[in-house]
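The residues making up each chain are set out below.
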There are 4 protein chains.
Amino acid sequence: MAQPIGRHFLQIPGPTNVPDRVLRAMSAPTIDHRGPEFAALTREVLSAVRPVFGTSGPVLIYPSSGTGAWEAALVNTLSPGDRVLAFETGHFATLWREMAENLGLRVDFMPGDWRRGVDPEVVRQRLADDADHEIKAVCAVHNETSTAVTSRIEEVRRAIDDAAHPALLLVDTISSLGSVDFRHDEWGVDVTISCSQKGLMLPPGLGFNAISEKALRARESATLPRSYWDWGPILAANERGFFHSTPATNLLYGLLEALRMLEEEGLPEVFRRHRRHAAATRAAVRGWGLETLCLDEREHSPALTAVLLPQGHDADAFRGLVLNRFNMSLGAGLGKLAGTVFRIGHLGDFNDVSLAGTLSGVQMGLELAGVPIDQGGITAALRVLEEA
Amino acid sequence: MAQPIGRHFLQIPGPTNVPDRVLRAMSAPTIDHRGPEFAALTREVLSAVRPVFGTSGPVLIYPSSGTGAWEAALVNTLSPGDRVLAFETGHFATLWREMAENLGLRVDFMPGDWRRGVDPEVVRQRLADDADHEIKAVCAVHNETSTAVTSRIEEVRRAIDDAAHPALLLVDTISSLGSVDFRHDEWGVDVTISCSQKGLMLPPGLGFNAISEKALRARESATLPRSYWDWGPILAANERGFFHSTPATNLLYGLLEALRMLEEEGLPEVFRRHRRHAAATRAAVRGWGLETLCLDEREHSPALTAVLLPQGHDADAFRGLVLNRFNMSLGAGLGKLAGTVFRIGHLGDFNDVSLAGTLSGVQMGLELAGVPIDQGGITAALRVLEEA
Amino acid sequence: MAQPIGRHFLQIPGPTNVPDRVLRAMSAPTIDHRGPEFAALTREVLSAVRPVFGTSGPVLIYPSSGTGAWEAALVNTLSPGDRVLAFETGHFATLWREMAENLGLRVDFMPGDWRRGVDPEVVRQRLADDADHEIKAVCAVHNETSTAVTSRIEEVRRAIDDAAHPALLLVDTISSLGSVDFRHDEWGVDVTISCSQKGLMLPPGLGFNAISEKALRARESATLPRSYWDWGPILAANERGFFHSTPATNLLYGLLEALRMLEEEGLPEVFRRHRRHAAATRAAVRGWGLETLCLDEREHSPALTAVLLPQGHDADAFRGLVLNRFNMSLGAGLGKLAGTVFRIGHLGDFNDVSLAGTLSGVQMGLELAGVPIDQGGITAALRVLEEA
Amino acid sequence: MAQPIGRHFLQIPGPTNVPDRVLRAMSAPTIDHRGPEFAALTREVLSAVRPVFGTSGPVLIYPSSGTGAWEAALVNTLSPGDRVLAFETGHFATLWREMAENLGLRVDFMPGDWRRGVDPEVVRQRLADDADHEIKAVCAVHNETSTAVTSRIEEVRRAIDDAAHPALLLVDTISSLGSVDFRHDEWGVDVTISCSQKGLMLPPGLGFNAISEKALRARESATLPRSYWDWGPILAANERGFFHSTPATNLLYGLLEALRMLEEEGLPEVFRRHRRHAAATRAAVRGWGLETLCLDEREHSPALTAVLLPQGHDADAFRGLVLNRFNMSLGAGLGKLAGTVFRIGHLGDFNDVSLAGTLSGVQMGLELAGVPIDQGGITAALRVLEEA
């Protein structure tokens, strides 16, 4: 890949800037996936990945994208025609609905304005109304990558419990895992869906399912056809240190290194760092006199920030300018947000001066694109970063 | 990964020894999968991969193992309850049958002794007998990785044509693609299934489907549930230089480099090299006084060789000795061949002296394991390699 | 090496941030330094390196530091007891004097205040006074890495010519080559000394001498003992594509890649980029209300900026804070500048947003260190960077 | 670097096959050579390198080739006109003589036939004859890379002691260090010269001097001009964790990794492995009916083997054939051995199957080159390797 001058700033909300430690780990020679060295690797990875999900239960790893991990969650727990409750929190929630329908599920899709997270009250109400327990699963996106809104999963859990409803809770943590506090066990999540290229700081290519006992039991009666995604043979193989179909060995090398990095920094510190960076970014946005997409103060994402451009300004033209002039990639507005919103990723292996460079690039780009802003944005961000 | 002394000899039939050029290419920073640089990469990869499949049509690339690529082939072309014709050529053919049944297909599984390939006569007969065209697909493994037997796909094609049967032809080229001559278009294959970690010289993590016009049409009426594997949205996104779900970027970097290497050497020369190495390996096996699993001279695999140990000798103990003493991995006997067969992979990025080292390790290992052999094996192999 | 969070900002004036392209190139396997592939590499490197020096003559490459390349310049051209004219422009000029004296030369060392470059008037005067031509060489540092002052070598050349003096002109371009416009041939430099880890974007380990015909002739009568550094056998071996003693192969791989990068961007654009970054940095320094060490507007270095802290503030404590808090390395004050000056490297593979991140880190560090500054520094810098 | 098919076999006697662990370690980002992380690296490297030299005293590391490390040994310990005793054991010993003379020393060069090591009897005699102690140093090559003859340094030491002569003992361990047992302290060596690209498994670019107290004292009165090589300032900087001139950072990363590998295997096992490989190689040579250059059974090198071709056969044509046909580099005959001798390197990170591949390539090459040999060579070598 020819690279322009200097380090590229990959400030989309994933894939994130892969640490060179991880890239080096991934460049080790591929080994026999049926040999003793591999079995040791499997055991180490499967053990080290659990704390990041907040679980002491099994985590399955697929050679797949995050979308594949969604499919795995559905086909292992549900049957054709099952009803699931989902929420229009943004583009990815909408894609999830499509997938569920493609697979033959019926989706109760609660409408939304793409500026707020899942409303726990709506969950409570809908489940309370579902006296026959027709709804088999509640599907929520923890951190909507398209809107920078983080849903309050703990409250969603409480709403399900309040309704005393047996629905499974399936949560997409694709852009939150390893960046935003998440607790599979404590919050009673049944399937946590994730992937490698965001907070786990890897290239894309791995999908994850963390699963509860209840999810495992659901699998026994679920009748959607499944083979590649079937948890059963994978869990059996994992017991012996192997995988049911050939695993993506070199990405596993990288995963182990990334997990070591998260452990070295400590997850609480990792989450604190992401919250600081998000706060500094919002200070810049306010300093520029612009508006974030997220409307609820409780739901600002620690992992990325979505910014609305004033009417008449094209977010994609602005992003193109930033890419060409400053060698920095920003996230596009997706779906119905195309052209009006841009997204700043500040997740993964990231530090204060890289964020300052990012926000400087955004500020210069906005000015050069003719968006009317106040130049105080970067200074406001630095003031936040200076605080402990 | 702690590595023992010297270069590991990864002589299993895949993953193969990944060239350091490919590992270096894979260690480039991950880029925005929605940006212009990525679109150029997609187009270059999708174009360069076609000749290896012998096709001018589309090739789809999944973040998945080869098993996932099988599932993709089935769910895009078939409907619940469809009958498919398959052949017990070995362990992987047997796994394919299981997958098909898991997905709700009915499999006519022609029994076999794991020492021969698909019998074109049987294909001709079964299809001729199927006057109602209940059989929707013929599933064949080109190169059975578990037995080192290469089926004669061209003759299978002719048999289907002779029967004037409309069944699709689905072919697994997992351990042949890039090592053994294969011609998707010329042989009228409808879906060619493959993956990254064999002749393509990459780590595992990518699955492939090359597809015919007829396969694409079959997709329109196929009703097995599909979402992740659905060719439709992927082909649409590929048109614009992108993928429908996040692609495994760094493996694509490696793929492009591997395709360049194949092009530099030239596919005919690549195939010739594999045939030479297979011939030298068989010369060694004969020299040792041992027997190959493959019984038909027309069906010896150019990519790997499976060797039968004399009764009373444990192939896995032998392989363990070779691993510990010589830092070389050999392939195990799979399924019902466990313990009686070992496999020597000689595919991918491989040369004469590496093969000589491999065969030397096998010879020493056999002697140390107490298997009665003639020491002339290595010398016989060298004589074959000396010939132009 | 354990790495703190996020990318380290290596903003010392060398070693600079090595591009990952170069690191990957360097990680290719070492080859036979006497084989045909190596001869091709040698020829390509020796040809591609010339334009960076602005010469069509030979460039010698040593496995050495830049200090070694100084020694090579002296022992190839001078004899014990020879007089050389040198200038106290900073720490490295002072080290050069020490080296010359260690080797048995007599140094006329013109005093300086470490805030200005070589004064061409002094050169003219001293050479004019040297009627007997006792002075055998004029030694100048093009870009004083310790002071961020760039001497006007072209004017020094003119001064020598005005004096019609036969002294050789030896110029240290250690922190200017590949970052600051330099013209070995056009400016009549006799030996240009440089190294790998600055504008050439490599790790340390290579020293360079570009030499004139006159320098080559001087070698014939020079009598300082020499063997490792002797140009003669190296030039002879280079003719055949080899080196006289074993070359640092993998650094040569990196050098070739770095030279390609410079060629892709184009040297005039490379120099322009460095001047822009230096201008933006000085705008920040002025914005903070601080003072640069360099006093002459004509002599500000495009490659780095040295900043004076107000009395009572410890530059090393400030740098320690920036390292620990922001994962960024800044240059220390060297020699008599220790503790009062810090240096910002903005050379090598560097872009606008990286510079903005760097200056943000400096601004935050100054505030946190209690140095009284105006917060307008970063905004002033961004304004400069926004200009074409 | 374009690479031919498969792994290159770099079977010259250095540079050796660099382990990928070392290449990966070297590809970490360059750090500030004046920062705290670097100081920790320096201390770890300087401590871990000592056991390999068999010393508890200081080891100096230069950015240089091994030739540079020779120059360092001479200029730190000797004065113009000093007499040194040296031995014509081969090409490199002859080069060392040239260097000494270039630097102004007088060399008593004991003639030799390039097939034997230093004769301890001659040492004893010459020193006994030197009643005035005019001879200031005895210079010996431990392992003559051009001849594959290992001199008996311990006996040379004893000879010096027997003569009760105060001469320094300077020993070149360039192709023995890390491969052949060597004991700087125990054998009373005063300066041990070495470099990175042989038994230390690194690319070229580092030179080493291990020094005795006596050598350090000699430095105080030695008057050869010195600056770059001067031990004094380097030792002083090393005390603080730094180097006097900029060190070759990324090679130091690699060195640390290589030292870890040697420690993991254990030096006694490393030496044993090299002796086994040398024995197997000689078995092959005898099996082919050819002759090694080395004539004394006590002096066969564990690190490489030099083989004489029968009259009328061109060793360089043979090597060219092996390179082109088998992607393997063998060592040329150097100096007066050109064309009649080839050398097989079997040192560094090397294992039994790699050696078997190497010897197979040599055997096939000899046959294809028309050299009359017996094909039993490879089988004889395997028999040696099979033994514990």
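Residues numbered from 1 in each chain as written. Chains lettered and ligands numbered in written order. Predicted model: local features only at pLDDT ≥ 70, side-chain atom pairs only at ≥ 80, totals over all residues.

Caption draft 1: Here's a closer look at the overall build of chain A. For chain A, the helix and strand inventory stands at 14 helices and 14 strands. In terms of overall dimensions, chain A is globule-like: its C-alpha atoms have a radius of gyration of 21 Å, near the 21 Å expected for 388 residues. For the C-alpha atoms alone, the extent of chain A along its principal axes is close to 60 × 55 × 35 Å. Taking all 388 residues of chain A together, the buried fraction comes to 62%. Long-range contacts, defined as pairs at least 24 residues apart, comprise 73% of the intrachain contacts of chain A with a sequence gap of at least 6. (Helix = DSSP H or I, 4+ residues; strand = E, 2+ residues; numbered from the N terminus. Rg over C-alpha atoms; globule rule 2.2 N^0.38 Å. Buried ≥ 20, exposed ≤ 12 C-beta atoms within 10 Å, placed from the backbone. Contact = placed C-beta atoms within 7 Å.)

Caption draft 2: Representation of the nonpolar core within the structure. Ranked by size, the top nonpolar core spans 510 residues in total, and within it A:Val138, A:Leu170, B:Val138, B:Leu170, B:Ala381, C:Val138 and D:Val138 carry the most contacts. Apart from the residues within four sequence positions on either side, A:Leu170 is in contact with A:Ala73, A:Ala137, A:Val138, A:Cys139, A:Asp190, A:Val191 and A:Ile193. (Core = buried A, V, L, I, M, F, W, Y, C linked by C-beta atoms within 7 Å.)

Caption draft 3: Highlighting the sheet that holds strand S13 (residues 328–332) of chain A. Residues and elements named next belong to chain A. Pairing in this open sheet of five strands is mixed, and the strands run S1-S13-S14-S12-S11 from one edge to the other. The sheet is open, and its two edges are formed by strand S1 (9–11) and strand S11 (291–292), each paired on a single side. Pairing of S13 with strand S14 (residues 341–345), which is carried by two bridges, proceeds in the antiparallel orientation. For Gly331, the partnering residue across the bridge sits in S14 and is Arg343. Seen against the sheet, helix H11 (residues 267–288) touches S11, strand S12 (304–308) and S14 and runs at an angle of roughly 15 degrees to S12. The sheet strands contacting helix H13 (residues 352–368) are S1, S13 and S14, and the helix crosses S1 at an angle near 80 degrees. (Pairing = 2+ DSSP bridges. Axes fitted to C-alpha atoms, helices over the stretch in contact; angles between N-to-C directions.)

Caption draft 4: Representation of the relation of the copies chain D and chain A within the structure. Once chain D is rotated about the relating axis by 180 degrees and shifted along it by 0.0 Å, it coincides with chain A to within an RMSD of 0.0 Å. On this basis, the relationship between the two copies can be described by a two-fold rotation axis. Nearest to the rotation axis, the C-alpha of D:Arg24 is located 3.1 Å from it, this being the minimum over chain D. The residues that chain D uses at the interface reappear at the interface of chain A in 100% of cases, marking a shared surface. (Least-squares fit on C-alpha atoms with pLDDT ≥ 70 in both.)

Caption draft 5: Broad picture of the packing of H11(A) against helix H14 (residues 377–386) of chain A. Residues and elements named next belong to chain A. In the contact formed by H11 and H14, the axes pass within 7 Å of each other and the chain directions differ by 150 degrees. One finds that H11 runs roughly antiparallel with respect to H14. The element H11 and its partner H14 pack so that their crossing is right-handed. Across from Ala279, Ala280, Thr281, Ala283, Ala284, Arg286, Gly287 and Trp288 in H11, the residues of H14 making contact are Gly377, Ile378, Thr379, Ala380, Ala381, Val384 and Leu385. Of the residues belonging to the contact of H11 with H14, the class tally is 10 nonpolar, four polar and one charged. (Parallel < 35°, antiparallel > 145°, perpendicular 65-115°, else oblique. Left-handed = near helix turned anticlockwise from the far one by under 90°. Nonpolar A, V, L, I, M, F, W, Y, C, P; charged D, E, K, R; others polar.)

Caption draft 6: Here's a closer look at the domain arrangement of chain A. Residue and element names in this part refer to chain A. For chain A, the assigned domains read domain 1 (9–16 + 266–386) and domain 2 (20–263). The gap between the C-alpha centroids of domain 1 and domain 2 is 27 Å. Every contact between the two is made by 27 residues of domain 1 and, on the other side, 30 residues of domain 2. Listing elements by their share of the side of domain 1 that touches domain 2, those giving two or more residues are H11 and S12. A per-element tally of the side of domain 1 that touches domain 2 places H11 first, with four residues. Among the residues making up the side of domain 1 that touches domain 2, the classes are represented as 15 nonpolar, seven polar and five charged. (Domains from an automatic or database assignment.)

Caption draft 7: Expanded view of the environment of C:Ala237. Residue position: C:Ala237 is located in helix H9 (residues 231–239). Not counting chain neighbours up to four residues away, the residues in contact with C:Ala237 comprise C:Phe242, C:Phe243 and C:His244.

Caption draft 8: Structural view of the packing of helix H12 (residues 315–326) of chain C against helix H13 (residues 352–368) of chain C. Residues and elements named next belong to chain C. At their nearest, the axes of H12 and H13 sit 9 Å apart, and the two run at 120 degrees to each other. Regarding the angle of H12 to H13, the classification is oblique. In this structure, H12 crosses over H13, and the sense of that crossing is right-handed. Between H12 and H13, the residues in contact are Phe318, Leu321, Val322, Arg325 and Phe326 and Gly361, Val362, Met364, Gly365, Leu366 and Leu368, respectively. Class assignment for the residues of the contact of H12 with H13 results in eight nonpolar, two polar and one charged.

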